[in-house]
Amino acid sequence: MSTQRFVVKHAPEDDIGKDRIRIHYRRRLQAKRFSIMRVKSSKHSAVLCVLGLEGLEEDVQMDVDLRNAFGVQPNDKIDLEISTVGWIDKVKWYLFATDPAVHVPAWIGAWSFVLGLVGLFLSAAPLLFGK
């Protein structure tokens, strides 16, 4: 978990509005593609999906929303600290992601899990508490 200097570049169109950032494999703690990680600068911190980058190692690709949040423009230099997150932050990212293709299935899964627990409790209640 060390701070690294990057040069900000435009993100591909497919990444716009999806809480994604592209960082070269060697500069993202060798985490696999689609890892959920914390990206922090002196001005902003965010939990993002980190994808690979085939360009230069010093480049970081951010969409317009991320660039605005981090207060940078294309070709600016930015110091970023990249770190792994625990499962709670990963679940929060999935539930509150900007992209509906991510957060809608996550909410369906969360509600299914809760309803499954309620069903288990209701089916086990007569055994635990008698008639």
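Before reading further, recall that the structure is shown in the block above.
Residues numbered from 1 in each chain as written. Predicted model: local features only at pLDDT ≥ 70, side-chain atom pairs only at ≥ 80, totals over all residues. Heavy atoms only, no water.

Asks: Which residues make up the packing of aromatic side chains, and what values do they have?
Replies: By the definition in use, this model includes 3 aromatic pairs. Taking 5.0 Å as the distance between ring centres and 85 degrees as the angle between the ring planes, the aromatic pair formed by W93 and Y94 counts as edge-to-face. (Phe/Tyr/Trp six-rings, centres within 6.5 Å; stacked < 30°, edge-to-face > 60°.)

Asks: Quick rundown of the side chain of D59? Include the residues and the values.
Replies: Positionally, D59 belongs in strand β5 (residues 59-62). Within the buried core, D59 has no salt-bridge partner, and the shortest N-O distance to an opposite charge, that of K9, equals 4.7 Å. Filtering out sequence-adjacent residues up to four positions away, D59 remains in contact with F6, V7, K9, R22 and L53. (Helix = DSSP H or I, 4+ residues; strand = E, 2+ residues; numbered from the N terminus. Buried < 20%, exposed > 50% of the residue type's maximum accessible area, 1.4 Å probe, protein only. Lys, Arg positive; Asp, Glu negative; His and termini not counted. Salt bridge = Lys/Arg side-chain N within 4 Å of Asp/Glu carboxyl O. Contact = heavy atoms within 4.5 Å.)

Asks: Break down the side chain of S41 for me, citing the residues and quoting the values.
Replies: Secondary-structure assignment places S41 in the loop between β3 (35-40) and β4 (45-51). A distance of 3.1 Å separates a polar atom in the side chain of S41 from the backbone nitrogen of K43. Not counting chain neighbours up to four residues away, the residues in contact with S41 comprise F70, I78, D79 and L80. (Polar contact = N/O pair within 3.5 Å; in protein donor to acceptor, adjacent residues only side chain to side chain.)

Asks: Would you mind going over the sheet that holds β5 in detail, with residue names and values included?
Replies: Strand order around the closed barrel formed by 6 strands is β1-β5-β2-β4-β3-β6, with mixed pairing between neighbours. The sheet shows a mean angle of 45 degrees between the axes of neighbouring strands, taken without regard to direction. Of the strand pairs in this sheet, β3 and strand β6 (residues 77-84) are connected by 4 bridges, and their pairing is antiparallel. If you follow K40 over to β6, its bridge partner there is E81. (Pairing = 2+ DSSP bridges. Axes fitted to C-alpha atoms, helices over the stretch in contact; angles between N-to-C directions.)

Asks: So, the packing of helix α2 (residues 87-96) against helix α3 (residues 100-129): which residues are in play, and what are the values?
Replies: As a packed pair, α2 and α3 sit with axes 6 Å apart at the nearest point and diverge in direction by 115 degrees. Contact residues: W93, Y94, L95 and F96 in α2; V102, H103, A106, W107 and A110 in α3. Of the residues in the contact of α2 with α3, the class split is 8 nonpolar, 1 polar and no charged. (Nonpolar A, V, L, I, M, F, W, Y, C, P; charged D, E, K, R; others polar.)

Asks: Pulling in residues and values, what's your account of the pattern of salt bridges?
Replies: Under the criterion given, the structure shown has 6 salt bridges. Across the pair D89 and R38 runs a salt bridge whose closest N-O atoms are separated by 3.3 Å. Here D89 is found in helix α2, whereas its partner R38 is found in strand β3, with 51 residues between them in sequence. The class of D89 is partly exposed, set by a relative accessible area of 23%. Residue class for R38 comes out partly exposed when judged on its relative accessible area of 24%.

Asks: A description of α3 should follow, citing residues and the corresponding values.
Replies: When the terminal C-alpha atoms of α3 are compared, their 42 Å separation across 30 residues agrees well with the 44 Å that a helix rising 1.5 Å per residue should span. Its axis deflected by about 35 degrees at S123, α3 carries its strongest bend there, up to four residues before the proline P126. Where α3 begins, the side chain of D99 points an oxygen toward the backbone nitrogen of A101, at a separation of 3.1 Å. Positive backbone phi, at 80 degrees, marks G130, one or two positions downstream of α3. (Expected span 1.5 Å × (residues − 1). Bend = angle between axes of the 7 residues up to and from the residue.)

Scope: geometric values only; no functional claims are made or implied.
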